[in-house]
Amino acid sequence: MTNLKTYFNDSQPLNDYIDQMSENKEDLITIYKSFSLPEDDDRLTKIKSLNYSKVLVITEDWCGDAMMNLPILKNITEQLNLEVRVFHRDDDTNLIDQYLTNGTARSIPIFVFLNDDYQQETVWGPRARQAQKFVEESRAHLPSKDDPSFEEKSNEVHAIIANRYKTDSQLWKAVYDSIVEQLLHK
């Protein structure tokens with residue numbers, strides 16, 4: 001395993017990353033401001049007693065999943081007082097290659113939760129189960145990639161997914177629950 005301490009220390013603080021985003025920045029900030037942590041969630045109190053202190057996020061600012069998931073993570077980590085740093089996936093694929101989705105895909109975002117010694121405690125990403133189900137259902141009727149209409153249809157589906165990510169507070173809550181459950185039951 002690549003030295004996570006080195007990657008963490010070489011990565012951007014989350015707020016700096018957001019400030020420098022060139023894509024999806026406004027939507028990410030809107031979701032961050034629109035999403036509120038549930039009041040009196042005992043799970044957060046339990047998580048505070050666990051061995052988490054940092055999160056290494058692997059992402060890129062063009063990623064729609066990151067646009068939805070990062071603001072939820074930001075709310076959670078502020079509540080838990082965790083330090084969050086962002087590593088740009090495409091700057092060095094050696095890191096993401098340790099966290100391949102289904103053993104093959106460099107899917108993002110990936111949230112690597114670390115302890116004080118920069119050791120991995122658990123990993124979350126790239127999607128909550130409900131978001132994955134929605135994406136799979138949305139893409140289910142796309143024509144094959146060699147079909148002349150594939151690109152147009154794919155762009156339409158992408159727009160539908162992105163719009164739901166920007167507006168569906170139930171999906172945001174699913175992301176929240178998924179991250180919190182992963183932290184509790186690593």
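An unreviewed UniProt entry lists the chain under the name Thioredoxin family protein, with Staphylococcus lloydii given as the organism.

*Asks:* Is there a simple way to think about helix α8 (residues 150-167) in this case?
*Replies:* Note on helix geometry: an α-helix contains 3.6 residues per turn, so any two residues three or four positions apart are oriented the same way. With 18 residues, α8 extends 26 Å between its outermost C-alpha atoms, agreeing within 8% with the 26 Å of an ideal straight helix rising 1.5 Å per residue. Where α8 is concerned, the buried positions are F150, V157, I161, A162 and Y165. End-on, the buried residues of α8 take up no more than an arc of 135°, which puts them together on one face. Residues of α8 that are exposed and angled more than 90 degrees away from the buried face: E152, I160 and T167. Here the buried face of α8 lies against α3 (25-34), α5 (64-80), α7 (129-139) and α9 (169-184).

*Asks:* Is there a simple way to think about the packing of α7 against α8 in this case?
*Replies:* Packed helices, taken two at a time, are described by their axes: the angle between them and the distance between them. At a minimum axis distance of 10 Å, the contact between α7 and α8 shows a crossing angle of 155°. Comparing the axis directions of α7 and α8 gives the class roughly antiparallel. Where α7 crosses over α8, the handedness of that crossing is right-handed. Counting all contacts with α7, which are made through A131, F134, V135, S138 and R139, the residues of α8 involved are V157, I160, I161, R164 and Y165. When its residues are assigned to classes, the contact of α7 with α8 shows seven nonpolar, one polar and two charged.

*Asks:* I tried to follow the pairing of strand β2 (residues 54-59) on my own but got confused; where do I start?
*Replies:* A large share of β2 lies buried, amounting to six of its six residues. Residues K54, L56 and I58 line one face of β2 and the alternating positions V55, V57 and T59 line the opposite face, and both faces are buried. Chirality of the crossover, the property in question, places the unit of β2, α5 and strand β3 (residues 83-88) among those that are right-handed. Bridge count for β2 against strand β4 (residues 110-114) is five bridges, and the pairing is antiparallel. Note on β4: the bridge partner recorded for V55 is F113.

*Asks:* Would you explain the packing of α5 against α8 in this entry?
*Replies:* It is at 9 Å that the axes of α5 and α8 come closest, and there the two elements cross at 10°. If you check the angle between α5 and α8, you find them roughly parallel. Residues G64, D65, M67 and M68 of α5 touch α8, and the partners they reach there are A162, Y165 and K166. Per-class residue counts for the contact of α5 with α8 are four nonpolar, one polar and two charged.

*Asks:* Would you take a moment to explain the sheet that holds strand β1 (residues 12-13) for this structure?
*Replies:* Strands belonging to one sheet form pairs held by backbone hydrogen bonds; the direction of such a pair is parallel or antiparallel. Strand order in this open sheet of five strands is β1-β3-β2-β4-β5, and the pairing throughout is mixed. Whereas interior strands pair on both sides, the edge strands pair on one side only; in this sheet they are β1 and β5 (120-124). As paired strands, β2 and β3 are joined by six bridges and run parallel to one another. Looking at β3, one finds that I58 is bridged to F87. Strands β2, β3, β4 and β5 of the sheet are contacted by α5, whose axis makes an angle of about 170° with β2.

*Asks:* I'm lost on the side chain of Q12 in this one. Help?
*Replies:* Position of Q12 among the secondary structure elements: in strand β1. In terms of polar contacts, Q12 uses its side chain to reach the side chain of Q20, at 2.6 Å.

*Asks:* Honestly, the nonpolar core in this entry has me stumped. Any pointers?
*Replies:* When a protein is soluble and globular, its nonpolar side chains tend to lie buried together. One finds L56, L70, F111, F113 and Y165 to be the most contacted residues of the largest nonpolar core, which totals 56 residues. Beyond its immediate stretch of four places on either side in the chain, F113 contacts Y52, K54, V55, L73, L82, Q119, Q120, E121, T122, W124, I179 and L183.

*Asks:* Explanation requested: unusual backbone geometry in the structure shown.
*Replies:* With an omega of 0°, the peptide bond between I108 and P109 qualifies as cis. Residue position: P109 is located in the loop between α6 (93-96) and β4. The step from G125 to P126 runs through a cis peptide bond, and the omega angle for that step is 5°. The topology assignment puts P126 in the loop between β5 and α7.

Cut-off values and rules
- Residues numbered from 1 in each chain as written.
- Predicted model: local features only at pLDDT ≥ 70, side-chain atom pairs only at ≥ 80, totals over all residues.
- Heavy atoms only, no water.
- Helix = DSSP H or I, 4+ residues; strand = E, 2+ residues; numbered from the N terminus.
- Expected span 1.5 Å × (residues − 1).
- Buried < 20%, exposed > 50% of the residue type's maximum accessible area, 1.4 Å probe, protein only.
- Arc of directions from axis to C-beta.
- Contact = heavy atoms within 4.5 Å.
- Axes fitted to C-alpha atoms, helices over the stretch in contact; angles between N-to-C directions.
- Parallel < 35°, antiparallel > 145°, perpendicular 65-115°, else oblique.
- Left-handed = near helix turned anticlockwise from the far one by under 90°.
- Nonpolar A, V, L, I, M, F, W, Y, C, P; charged D, E, K, R; others polar.
- Right-handed = clockwise from strand over helix to strand, strands pointing away.
- Pairing = 2+ DSSP bridges.
- Polar contact = N/O pair within 3.5 Å; in protein donor to acceptor, adjacent residues only side chain to side chain.
- Core = buried A, V, L, I, M, F, W, Y, C linked by side-chain atoms within 4.5 Å.

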